Amino acid sequence: MAGGGGFASSKGRGKEFEAKITPIIIISCIMAATGGLMFGYDVGVSGGVTSMPPFLKKFFPEVFRKTVEEKGLESNYCKYDNQGLQLFTSSLYLAGLIVTFFASYTTRRLGRRLTMLIAGFFFIIGVAFNTLAHNLTMLIIGRVLLGSGIGFANQAVPVFLSEIAPSRIRGALNILFQLDITLGILFANIVNYATNKIKGGWGWRLSLGMGGIPALLLTLGAFLVVDTPTSLIERGRMEEGRAVLRKIRGTDNIEPEFLELVEASRVAKQVKHPFRNILKRRNRPQLVFAITLQIFQQFTGINAIMFYAPVLFNSLGFKNDAALYSAVITGAINVVSTVVSIYSVDKLGRRILLLEGGVQMFLSQIVIAVILGMKVKDHYEDLTKGFAALVVVMVCIFVSAFAWSWGPLGWLIPSEIFPLETRSAGQSVTVCINFLFTFVIAQGFLSMLCNFKYGVFFFFSGWALIMFIFVLFLLPETKNVPIEEMTERVWKQHWLWKRFIENDYVEDEKVSDGNGPTRNENVKGLDPDS
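Thresholds, definitions, all that
Residues numbered from 1 in each chain as written. Predicted model: local features only at pLDDT ≥ 70, side-chain atom pairs only at ≥ 80, totals over all residues. Heavy atoms only, no water. Helix = DSSP H or I, 4+ residues; strand = E, 2+ residues; numbered from the N terminus. Buried < 20%, exposed > 50% of the residue type's maximum accessible area, 1.4 Å probe, protein only. Contact = heavy atoms within 4.5 Å. Areas by Shrake-Rupley, 256 points an atom, 1.4 Å probe, with all protein chains shown as cover. Disulfide = S-S within 2.5 Å. Axes fitted to C-alpha atoms, helices over the stretch in contact; angles between N-to-C directions. Parallel < 35°, antiparallel > 145°, perpendicular 65-115°, else oblique. Left-handed = near helix turned anticlockwise from the far one by under 90°. Nonpolar A, V, L, I, M, F, W, Y, C, P; charged D, E, K, R; others polar. Phe/Tyr/Trp six-rings, centres within 6.5 Å; stacked < 30°, edge-to-face > 60°. Lys NZ or Arg CZ within 6 Å of the ring centre and 35° of its normal. 1 Å grid on protein atoms, 1.4 Å probe; cavity = no way out; pocket = protein on both sides within 12 Å on 5 of 7 lines; lining within 4 Å. Points joined across faces, edges and corners; volume = space filled by probe spheres on them. Core = buried A, V, L, I, M, F, W, Y, C linked by side-chain atoms within 4.5 Å. Salt bridge = Lys/Arg side-chain N within 4 Å of Asp/Glu carboxyl O. Expected span 1.5 Å × (residues − 1). Bend = angle between axes of the 7 residues up to and from the residue. Patch = residues over 30% accessible without salt bridge, like charges linked within 9 Å, V, L, I, M, F, W, Y side chains within 5 Å. Polar contact = N/O pair within 3.5 Å; in protein donor to acceptor, adjacent residues only side chain to side chain. pLDDT = per-residue confidence, 0-100.

The next subject is the overall build of the chain. Secondary structure summary: the chain contains 25 helices and 2 strands in total. The buried share of the chain, reckoned over its 530 residues, is 62%. The contacts of the chain with a sequence gap of at least 6 include a subset with a gap of at least 24, amounting to 79%. Accessible surface computed for the chain: about 20,000 Å², of which carbon and sulfur atoms make up 65%.

A complete count under the given rule lists 1 disulfide for this structure. One disulfide in the model links cysteine 78 with cysteine 450; its S-S distance is 2.0 Å. Between cysteine 78 and cysteine 450, the disulfide has an S-S torsion of 90 degrees and is therefore right-handed. Here cysteine 450 lies in helix H21 (residues 420-452) and cysteine 78 lies in the loop between helix H4 (61-69) and helix H5 (83-109), a separation of 372 residues in the sequence.

Attention now goes to the packing of helix H18 (residues 350-375) against helix H19 (residues 385-403). Running from N to C, H18 and H19 cross one another at 160 degrees; their axes reach a closest spacing of 8 Å. The angle between H18 and H19 places the two elements in the roughly antiparallel class. Considering how the two elements wind past one another, H18 and H19 form a crossing that is left-handed. Facing H18, whose interface residues are Gly357, Gln360, Met361, Ser364, Gln365, Val367, Ile368, Ile371, Leu372 and Lys375, H19 presents Phe387, Leu390, Val391, Met394, Val395, Ile397, Phe398, Ser400, Ala401 and Phe402. Per-class residue counts for the contact of H18 with H19 are 14 nonpolar, 5 polar and 1 charged.

On to the packing of aromatic side chains, then. A full pass over the atoms with the stated rule returns 24 aromatic pairs. Across the ring face of phenylalanine 88, the terminal group of arginine 143 is positioned such that the distance to the ring centre comes to 4.8 Å. Against the face of tyrosine 343 rests lysine 347, its NZ or CZ located 4.4 Å from the ring centre.

A word on empty space enclosed by the protein. Scanning the model with the defined rule gives 5 cavities of 30 Å³ or more in all. In this model, the largest cavity occupies a volume close to 260 Å³. Lining of the largest cavity is provided by 20 residues; of these, Glu163, Arg249, Glu257, Leu261 and Ile483 occupy positions nearest its centre. Mapped onto the lining of the largest cavity, the elements with two or more residues apiece are helix H7 (136-164), helix H11 (229-234), helix H12 (238-249) and helix H13 (255-269). Split into classes, the residues belonging to the lining of the largest cavity amount to 9 nonpolar, 4 polar and 7 charged. Residue lining of the second largest cavity: 17 residues in total, with Gln178, Ile181, Gln297, Asn303 and Phe402 positioned closest to the centre. When contributions to the lining of the second largest cavity are tallied by element, the ones reaching two or more residues are helix H2 (34-49), helix H8 (170-195), helix H15 (284-298), helix H16 (302-315), helix H20 (406-417) and H21. Ranked by the residues each element gives to the lining of the second largest cavity, the list is headed by H8, at 4 residues. Across the lining of the second largest cavity, the residue classes tally to 8 nonpolar, 9 polar and no charged.

Within the largest apolar cluster, 154 residues are counted, with the highest numbers of intra-cluster contacts made by Phe55, Phe123, Phe289, Trp406 and Phe445. Among the elements that make up this core, the one with the highest residue count is H21 (13 residues). Sequence-distant contacts of phenylalanine 123, defined by excluding residues within four places in its chain, comprise Met38, Asp42, Leu146, Gly149, Ile150, Ala153, Ala215 and Leu218.

To continue, consider the pattern of salt bridges. Charged atoms that come close allow side chains of opposite charge to pair. Per the counting criterion, the structure on display carries 12 salt bridges. Among the ionic pairs, glutamate 257 bridges to arginine 249, the shortest N-O distance being 3.0 Å. Judged by its relative accessible area of 2%, arginine 249 is buried. For the salt bridge of glutamate 488 with lysine 492, the shortest nitrogen-to-oxygen distance reads 3.1 Å. Judged by relative accessible area, lysine 492 falls into the buried class, the value being 17%. Linked by salt bridges that have partners in common, Arg112, Glu163, Glu234 and Arg423 make up one network.

Once that is clear, we can look at H8. Between its terminal C-alpha atoms H8 stretches 38 Å, which fits the 38 Å expected from 26 residues at 1.5 Å a residue. Largest kink in H8: about 30 degrees, centred on phenylalanine 177. Of all the 26 residues making up H8, 21 are buried; the element is thus mostly covered by neighbouring parts of the structure.

The N-to-C vectors of H5 and H21 enclose an angle of 175 degrees; their axes lie 8 Å apart at closest approach. Between H5 and H21, the angle is such that the two are roughly antiparallel. For the contact of H5 with H21, a count of residues per class yields 15 nonpolar, 14 polar and 1 charged.

Taken together, the side chains of Phe121, Ile124, Leu216, Leu220, Phe223 and Leu224 make up a nonpolar region of the molecular surface, amounting to roughly 590 Å² of accessible area. If you list the elements that add at least two residues to the nonpolar patch, you get helix H6 (112-131) and helix H10 (212-224). In terms of residue count, the dominant contributor to the nonpolar patch is H10 (4 residues). One can find isoleucine 124 in helix H6.

Residue position: threonine 430 is located in helix H21. Residues threonine 430 and asparagine 154, spaced 276 residues apart in sequence, show a C-alpha to C-alpha distance of 9.4 Å. One polar contact links the side chain of threonine 430 to the main-chain carbonyl oxygen of glycine 426, over a distance of 3.0 Å.

Mapped onto the secondary structure, serine 415 falls in helix H20. Within polar-contact distance, the side chain of serine 415 engages the backbone oxygen of leucine 412 at 2.7 Å. Setting aside residues up to four positions removed in sequence, serine 415 forms contacts with Pro158, Ser162, Asn174 and Gln427.

Let us look at unusual backbone geometry. One can expect most non-glycine residues to show negative phi and most peptide bonds to be in trans. For lysine 453, which is not glycine, the phi torsion reads 55 degrees and is therefore positive. Relative to the helices and strands, lysine 453 is located in the loop between H21 and helix H22 (455-474). The phi dihedral of asparagine 480 is positive, around 65 degrees, even though this residue is not glycine.

On average, the chain scores 84 in pLDDT, and the residues at 70 or more come to 90%. The least confident element of the chain is strand S1 (residues 10-12), whose mean pLDDT is 40; the most confident is helix H9 (residues 203-209), at 96. In this model, residues 1-15 is a region of pLDDT below 50 whose contacts with residues beyond four sequence positions or in other chains number 45 contacts. Between residues 511-530, whose pLDDT stays under 50, and residues either more than four places distant or in other chains, the model counts 26 contacts.

Structure follows, in structure tokens:
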């Protein structure tokens, strides 16, 4: 990762933007991406502690009774079905959903860096509440605070990474956020496996408290990184933006890129209501993908497995240690497969990874559903070691497919397709939809498992098929396209989406009566001397 080893070319308006891959770029992206580490830890830790008997006994005695004291009386698929237990997991995402609207404002007005700092403070306070919790109310408050931190982090970090990275490696650097999510999940799974062996019933406190490590890393990182040139220029700090751009690109030849950022900022400032503007016809393609990619990402079923992996394996007859160990294995596969995505996303492109991942997820979930349908019944399981191992392998194949496709690309694509005037609003929509459907899955999966039984995997595999068809016909390739050139080089070239872009320009021309400027005059006809 040594910096200065080459140039990344960014084509913009027919020009080449010179950009070295500098140490400050790599370091800033790594530090910013620790927001994903905290997110991942919170995803992984909840499933582990909710499978620990001491934790269940203290906060969810009804689940403890069904899983420990009256084991065997309840259906294998239903013993963890409890709305309070699901609320412990899902409250984090409900809080993130609400905070997203505030995070959009801070990202735009205060900058990406300060928004990440706010996220770090929320994380630290939330970890303290959870670690010291003595009742369910205190536990839920801690989760709400953590969710608030995630709302701020998920708003700022993907935009920060997309704006600071040279376009040639933008995909790889942006996926650092997803890599850190997977590392956080793996770290949580390992911690859960270790703390479950602690005598005295306080291991769950250590699991929740260890979340303070990524929280401190994000806070420290937010103090150390520079804000993006785009954000500085957007807030009127032109010379500082120029200096930062020169610093991160490692060259003095930054004027062409700087002028394009200034122009984009001037256009963006004419849009007084970005959330109203994002609903206009010309922004329809970006809005469609911001919404659908997040819905599809959640309906792969990945978070059902990541949130509840130990609980799921317990339900299928694995002993507690074996369930936690299996979760560690899937977490490790998650990390390795995300590294594959970092290597391949800017070489193979976004579309091929999404299509391959969709097929792999579809087939693996069909196999899981068939095995469970044959071997796991309501009150007994005939899951031999061979079939149990096959289930774990199929889960790993499913997780690997998600980790190099829909996981990272579900965040990368929305962060790179919006023009500057709607970028913050677009990221808000992305995060909001993601949290909404993450909340739905987190709150509903254990109940779905109880009612659908093995059929829940047929349900998710059906969505994988729909996703494949959607990408095949509707998603254009965005590989190596500079963010400010997406409209000209992507949307106007697509067989369907160009109709929305071109027709909207025609409508804007008709609105003008000759006395006032059209949108094209506002956007494209700015006097460079004014």
